Amino acid sequence: MSLMTYEDIIQVLIIGDDMIARLGLRTLLLVTGQVTIVGEVPMAPDLIGQVSALRPDVALLHGLVPGAELLTELRAVTRLAPVLVVSNDESPAAVERALRVGATGYLVNGQYDPDELVAAVLATAKGQPRLSPAAVRVLVDRLRSGRGHREQGHRAHLSRRETEIIDHLVRGRTNAEIARSLGISEKTVKNHVNHVYAKLHTRNRAETVALWLAPDSPYPGEGLEVRPGRPG
């Protein structure tokens, strides 16, 4: 087994106004040795400058997704680093708002253990969505409720298989998990995912999920400013 190098360790910036909560997250993350904390900062108007200076691999936002006055700053953060939200708020509005602004993952407090938190951070660093069960339920419910709207909009551009692929993306499944579920190869899944990106004019899974779940979203690609992730 090869030893982990410094380059393999994910650098995390913890963002949040609750000092005790930040300390708790720091403690949970550091026990594995896979993560280092490059800083802790409050959700403030000067946040962009601090993120830009620290250049973390992942920005971990604790607390409520901010209101309109700070959403612009959070959107800008997603262009500098992938964002994982950890919050008590499992409401549909909060989950959708976080994804639409560019967050890659969303965990609900009390629904993860230290290993799951670290796994979510590692997935976020790769641009792979990671969601708590409550967040998945919210998104699936939103997906079902908006099904008719999308039949006339985004869904009209997609094949039946591509629609199935998106349903799996909403649930946060990896290419390997999707391949096993559908009985196809990972390469075929990746091809389908890339076709979905091309048809919806999206750049990564988080942006695709956010667009797909927003019944009043603009035409694919408009108004969604999300940090590009890795293909597939």
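I will try to describe carefully the structure that is included in this document. (Residues numbered from 1 in each chain as written. Predicted model: local features only at pLDDT ≥ 70, side-chain atom pairs only at ≥ 80, totals over all residues. Heavy atoms only, no water.)

Description of the overall build of the protein
Then, in step 1: When helices and strands are counted, the protein shows 11 helices and five strands.
Then, in step 2: Going through the 232 residues of the protein one by one, you find that 49% of them count as buried.
Then, in step 3: Within the protein, residue pairs in contact and separated by at least 24 positions form 66% of the contacts whose partners lie at least 6 positions apart. (Helix = DSSP H or I, 4+ residues; strand = E, 2+ residues; numbered from the N terminus. Buried < 20%, exposed > 50% of the residue type's maximum accessible area, 1.4 Å probe, protein only. Contact = heavy atoms within 4.5 Å.)

Section: the pattern of salt bridges
Then, in step 1: Enumeration over the complete set of coordinates arrives at four salt bridges.
Then, in step 2: We note a salt bridge from Arg-26 to Glu-40, for which the minimum N-O separation is 2.5 Å. Remark: Glu-40 occurs in strand E2 (residues 35–41) and Arg-26 occurs in helix H1 (residues 19–30); sequence separation between them is 14 residues.
Then, in step 3: For Arg-26, a relative accessible area of 26% translates into the label partly exposed.
Then, in step 4: In this structure Glu-40 comes out as partly exposed when scored by relative accessible area, which is 28%.
Then, in step 5: Lys-199 serves as the salt-bridge partner of Glu-162, at 2.8 Å between the closest nitrogen and oxygen. Of this pair, Glu-162 sits in helix H8 (residues 160–170) while Lys-199 sits in helix H10 (residues 186–200); the two residues are 37 residues apart in sequence, bridging distant segments of the chain.
Then, in step 6: Residue classification places Lys-199 among the partly exposed positions, given a relative accessible area of 32%.
Then, in step 7: A cluster of three or more residues bridged by salt bridges with shared partners is formed by Arg-22, Arg-26 and Glu-40. (Salt bridge = Lys/Arg side-chain N within 4 Å of Asp/Glu carboxyl O.)

Details of the pairing of strand E1 (residues 10–15)
Then, in step 1: Within E1, five of the six residues are buried, which leaves it mostly tucked inside the rest of the structure.
Then, in step 2: One ladder, built from six bridges, connects E1 with E2; its direction is parallel. Considered in E2, the bridge of Ile-14 is made with Glu-40.
Then, in step 3: Chirality of the crossover, the property in question, places the unit of E1, H1 and E2 among those that are right-handed.
Then, in step 4: Two strands pair when backbone bridges link them, and E1 and strand E3 (residues 58–62) are joined in this way by four bridges, in the parallel orientation. Bridged to Ile-15 within E3 is Leu-61. (Pairing = 2+ DSSP bridges. Right-handed = clockwise from strand over helix to strand, strands pointing away.)

Some remarks on the sheet that holds E1
Then, in step 1: If you trace the five strands from one edge of the open sheet to the other, you get E2-E1-E3-E4-E5, paired in parallel fashion. The sheet terminates laterally at E2 and strand E5 (105–108), the two strands that pair on one side only. Within the sheet, the average angular offset between the axes of one strand and its neighbour, ignoring direction, is 25°.
Then, in step 2: Sheet analysis places E3 next to strand E4 (residues 83–87), joined by four bridges and oriented parallel. What sits directly across from Ala-59, in E4, is Val-83.
Then, in step 3: Sitting on the sheet, H1 touches E1, E2 and E3, and the angle it makes with E2 is about 170°. (Axes fitted to C-alpha atoms, helices over the stretch in contact; angles between N-to-C directions.)

What about the pairing of E3?
Then, in step 1: For E3, the buried fraction is high: five of the five residues fall into the buried class.
Then, in step 2: The two faces of E3 match: Val-58, Leu-60 and His-62 on one face and Ala-59 and Leu-61 on the other face are all buried.

No statement about biological role is implied by the geometric values presented.
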